[in-house]
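# What the coordinates show
Each chain, written out:
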Amino acid sequence: MTRYIFVSGGVMSGIGKGVSTASISAILASAGFRVTCVKIDPYLNVDAGTMNPVEHGEVFVTEDGLECDQDIGNYERFLDQNMYRQNYMTSGQVYQSVINRERELKYDGKCVELIPHIPEEITRRLELAAQKTKADFVLVEIGGTIGEYQNLLFLEAARMMHLSSPGKVLFVMVSYLPVPEMLGEMKTKPTQHAVRTLNTSGIQPDIIIARSTVALDKPRKQKIAIFCNMREENVISAPDVKSIYEVPINFEKGNLSDRIFEKFGMAKRKCDLKNWEILNRKIRRAKKEIRIGIVGKYFATGKFTLSDAYISVIEAVKHAAWHHGLKPHITWIDPEIYEKSSLKLRELEGFAGVIVPGGFGERGITGKIKAIGYLRKKKIPFLGLCYGMQMAVIEFARNVAGLRKASSTEIDAATPHPVISTMAEQEKNLAEGKYGGSMRLGSYPCEIKPRTISYRAYGEKNIVERHRHRYEFNNDYRETFEKLGLKAVGLNPQRNLVEIVELSGHPFFVGVQFHPELKSRPMRPHPLFREFLRSAKARLQRSS
Ligand code: GLN
């Protein structure tokens, strides 16, 4: 029997609904249950692949090649389990299926309506996710905030599921309690309103996770209990924490799993969070700082700086730093500052290592190329991810191989030296305007050459990594570049595509066409990030 826990958000977004969902799933998994998660995004995009990362945050990619919301990354990291297509749903997907089914005459001549057909399709997808993993629990995170028009039909599906099997469905609301500075007091009213709004959808939350800067006190707990129509013990305090990986432990301090088992009428089970405690001890003990720079253009939005677009890269750096007993200090670097002034490049000396992550389009590339050239010459550890690898190839072509006009056809279709270019099938996609879900996506094998940094990192020849790109290293230039020191050390065995490049005579200059950051887990840092941090640590030790 599968039980469903719906997690919705009250008051505002960005308060940790994804981490809460992931943490609940980790707690239940630690009690020996099979758990899976589904993220629901209410927008009409079929997947997250066509959205700008500044607007939507990182596009995560699953093993089976789905471009999805970054929360799927949280689930993978917390559960240490891969997620697949069935773990992600958008309104776009749901509507598309219903409309396709209507076109195939599969509704027996009935009038196809928003209700019940859309909620029915939502339920069908949730049940499919449960079946595929034979899950005891499915955590369903409903994107957006209570009161938004867009997620109403998902709430309706949840209500209908609860109506047909009340013992199998539970509702958790993650809400925010502000502590306005001028009042100096935590306010519960926005949460009360959020619960009322949820009530209008026919849903009463069973559990409230009360997010705030500080812990919930007794009077506030009582107030929420009375006004939100629930018992006090079902209001779980969730204050800000230094690391998101403390959240499962914090939830258990509030006896969250007991509350869940009780609500479902199940016998209590012991949750074993030993691994989480070990991880958190490691995080707390990492005192020596290591400075890592990330050169990316998706940080700035108006007057604010967001790190959402590179969340997996940031997490991967943290996992690897903790592994080495170091405290990561990550700095966002806007490549455009190097375009204005080359003198600024000197600041790169202050980093133990620098990452140039994935990206698209022309803005910022000159700055990235300048930065990579500097890291190459100064022998500062460099890790290039996807676009970062492509930029490293262009830099090498221009400044070492003397091909001054070398470029990627993504940026300059008429370049005389297309050192990065498309595969034939991608040209067809582009010509036909087929942009959605058509990149080289998901897992592909790669064979690594022996006696290389990458081989040392992975400790094996055959690896599998996740991809998301349309352009590739152009094999016409391979021989020339290899002679000059930029070696193709990882190749896709079926198509001979270059997946990893390394520069000889540099302590760590590695560019990968894939996204290793997507597979890093807090308790199992990714080998390449681990090696990158090892090299960065060596530089740190040399300079101190
Ligand atoms: N824009 C590049 C491509 O499409 C790189 C993509 C990426 O960094 N994810 O090939």
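Just so you know, these numbers come straight off a predicted model, no measurement behind them.

### Considering the site of the ligand
Close to the ligand lie Gly358, Gly359, Phe360, Cys386, Tyr387, Gln390, Glu410, Arg468, His469, Arg470, Tyr471 and His515, which account for all nearby residues. Contact between the ligand and glutamate 410: a nitrogen atom at 2.7 Å from a side-chain N or O atom of the residue. Measuring from an oxygen atom of the ligand, one finds a backbone N or O atom of tyrosine 471 at 2.9 Å. Relative to its free-state accessible area of 300 Å², the ligand is covered by the protein chains to the extent of 98%. When each cavity is represented as a set of grid points, the ligand is found to reside in the second largest pocket. Put simply, the parts of the chain that give the shell around the ligand at least two residues each are helix H15 (387-399) and strand E19 (462-469).

### So, a positive patch on the surface
Positive charge collects at one region of the surface, where Lys242, Lys253, Arg281, Arg284, Arg285, Lys287 and Lys327 lie side by side. Per-element tally for the positive patch: the top contributor is helix H11 (residues 274-285), with three residues. With respect to the helices and strands, the residue lysine 327 is situated in strand E13 (residues 326-333).

### Examining empty space enclosed by the protein
Think of a ball as big as a water molecule: rolled over the atoms, this probe shows where empty space is left. Taken as a whole, this structure holds one cavity of 30 Å³ or more when the rule is applied. Within this model, the largest cavity holds a volume of roughly 40 Å³. Considering the residues around the largest cavity, the lining is formed by Phe6, Ser8, Ile142, Leu155, Phe171, Val172, Met173 and Leu198. Those elements that provide at least two residues to the lining of the largest cavity are strand E1 (3-9) and strand E7 (169-176). When residues of the lining of the largest cavity are assigned to their parent elements, the largest contribution, three residues, is made by E7. Across the lining of the largest cavity, the residue classes break down as seven nonpolar, one polar and no charged.

### Quick look at the layout of surface pockets
One number sums up the size of the second largest pocket: a volume of about 580 Å³. Elements with a minimum of two residues in the lining of the second largest pocket: H15 and E19. Class assignment for the residues of the lining of the second largest pocket results in 17 nonpolar, eight polar and five charged.

### Quick notes on the sheet that holds E1
Ordered in space as E5-E2-E6-E1-E7-E8-E9, the seven strands form an open sheet in which the pairing is parallel. Two strands bound the open sheet, and with one partner strand each, they are strand E5 (88-90) and strand E9 (235-239). Across the sheet, the mean angle separating the axes of adjacent strands is 20 degrees when strand polarity is ignored. Across six bridges, strand E2 (residues 35-41) lies against strand E6 (residues 137-142) in parallel orientation.

### Let's talk about the nonpolar core
Side chains of a nonpolar character, in soluble globular proteins, are inclined to be buried together. By size, the foremost hydrophobic cluster in this structure holds 54 residues, and its most contacted members are Ile5, Phe137, Ile209 and Ile260. Looking at this core element by element, the count peaks at six residues for helix H1 (residues 17-30). When sequence neighbours within four positions are dropped, the list of residues in contact with isoleucine 260 reads Ile5, Ile24, Leu28, Phe137, Leu170 and Ile207.

### Structural notes on the sheet that holds strand E16 (residues 406-408)
Within the open sheet, the three strands sit side by side as E16-E17-E20. Their pairing is mixed. Sheet topology places E16 and strand E20 (471-473) at the edges, where each strand pairs with a single neighbour. Across this sheet, the average inter-strand angle for adjacent strands is 30 degrees, counted without regard to direction. Of the pairings in the sheet, the one linking strand E17 (residues 417-422) to E20 comprises three bridges and is antiparallel in character. Bridge pairing links threonine 422 to tyrosine 471 in E20.

### Observations regarding the pattern of salt bridges
Using the criterion set out here, one finds 44 salt bridges in the structure. With a shortest N-O distance of 2.9 Å, arginine 220 and aspartate 217 are connected by a salt bridge.

### Describing the environment of serine 91
Mapped onto the elements, serine 91 comes out in helix H4 (residues 91-103). C-alpha of serine 91 to C-alpha of lysine 110: the two residues are 19 residues apart in sequence and 22 Å apart in space. Not counting chain neighbours up to four residues away, the residues in contact with serine 91 comprise Asp41, Pro42, Tyr43, Leu44, Gln150 and Phe154.

### Focus on the pairing of E1
Buried residues dominate E1, accounting for seven of its seven residues. Burial of E1 is two-sided: the residues Arg3, Ile5, Val7 and Gly9 facing one way and the residues Tyr4, Phe6 and Ser8 facing the other way are all buried. The sheet contact formed by E1 and E7 spans six bridges and is parallel. Paired with tyrosine 4 across the bridge in E7 is valine 169.

### Re the packing of aromatic side chains
One pass over the structure, following the stated rule, counts 13 aromatic pairs. One cation-aromatic arrangement involves arginine 3 over phenylalanine 264; the distance from NZ or CZ to the ring centre is 5.6 Å.

### Section: unusual backbone geometry
Residue isoleucine 115 is joined to proline 116 through a cis peptide bond whose omega torsion reads 15 degrees. Non-glycine residue cysteine 386 carries a positive phi angle of around 60 degrees. By the secondary structure assignment, cysteine 386 is in the loop between strand E15 (382-385) and H15. A relative accessible area of 5% places cysteine 386 in the buried class. Positive phi values are uncommon outside glycine, yet arginine 451 reaches one of about 55 degrees. Its location among the elements puts arginine 451 in the loop between strand E18 (440-448) and helix H17 (453-458). For arginine 451, a relative accessible area of 79% puts it in the exposed group.

### Considerations on helix H14 (residues 365-377)
Compared with the 18 Å implied by 1.5 Å per residue over 13 residues, the 18 Å span of H14 between its first and last C-alpha is a close match. Counting buried positions over the 13 residues of H14 gives ten, a clear majority of the element. Turning to H14, its buried residues are Ile365, Gly367, Lys368, Ile369, Ala371, Ile372, Gly373, Tyr374, Leu375 and Arg376. Lysine 379, located one to two residues past H14, shows a positive phi value of around 55 degrees.

The rules behind each value
- Residues numbered from 1 in each chain as written.
- Predicted model: local features only at pLDDT ≥ 70, side-chain atom pairs only at ≥ 80, totals over all residues.
- Heavy atoms only, no water.
- Near = heavy atom within 4 Å.
- Polar contact = N/O pair within 3.5 Å; in protein donor to acceptor, adjacent residues only side chain to side chain.
- Areas by Shrake-Rupley, 256 points an atom, 1.4 Å probe, with all protein chains shown as cover.
- 1 Å grid on protein atoms, 1.4 Å probe; cavity = no way out; pocket = protein on both sides within 12 Å on 5 of 7 lines; lining within 4 Å.
- Sits in = over half its atoms within 2 Å of the grid points.
- Helix = DSSP H or I, 4+ residues; strand = E, 2+ residues; numbered from the N terminus.
- Patch = residues over 30% accessible without salt bridge, like charges linked within 9 Å, V, L, I, M, F, W, Y side chains within 5 Å.
- Salt bridge = Lys/Arg side-chain N within 4 Å of Asp/Glu carboxyl O.
- Lys, Arg positive; Asp, Glu negative; His and termini not counted.
- Charge placed at Lys NZ, Arg CZ, Asp CG, Glu CD.
- Points joined across faces, edges and corners; volume = space filled by probe spheres on them.
- Nonpolar A, V, L, I, M, F, W, Y, C, P; charged D, E, K, R; others polar.
- Pairing = 2+ DSSP bridges.
- Axes fitted to C-alpha atoms, helices over the stretch in contact; angles between N-to-C directions.
- Core = buried A, V, L, I, M, F, W, Y, C linked by side-chain atoms within 4.5 Å.
- Buried < 20%, exposed > 50% of the residue type's maximum accessible area, 1.4 Å probe, protein only.
- Contact = heavy atoms within 4.5 Å.
- Phe/Tyr/Trp six-rings, centres within 6.5 Å; stacked < 30°, edge-to-face > 60°.
- Lys NZ or Arg CZ within 6 Å of the ring centre and 35° of its normal.
- Expected span 1.5 Å × (residues − 1).

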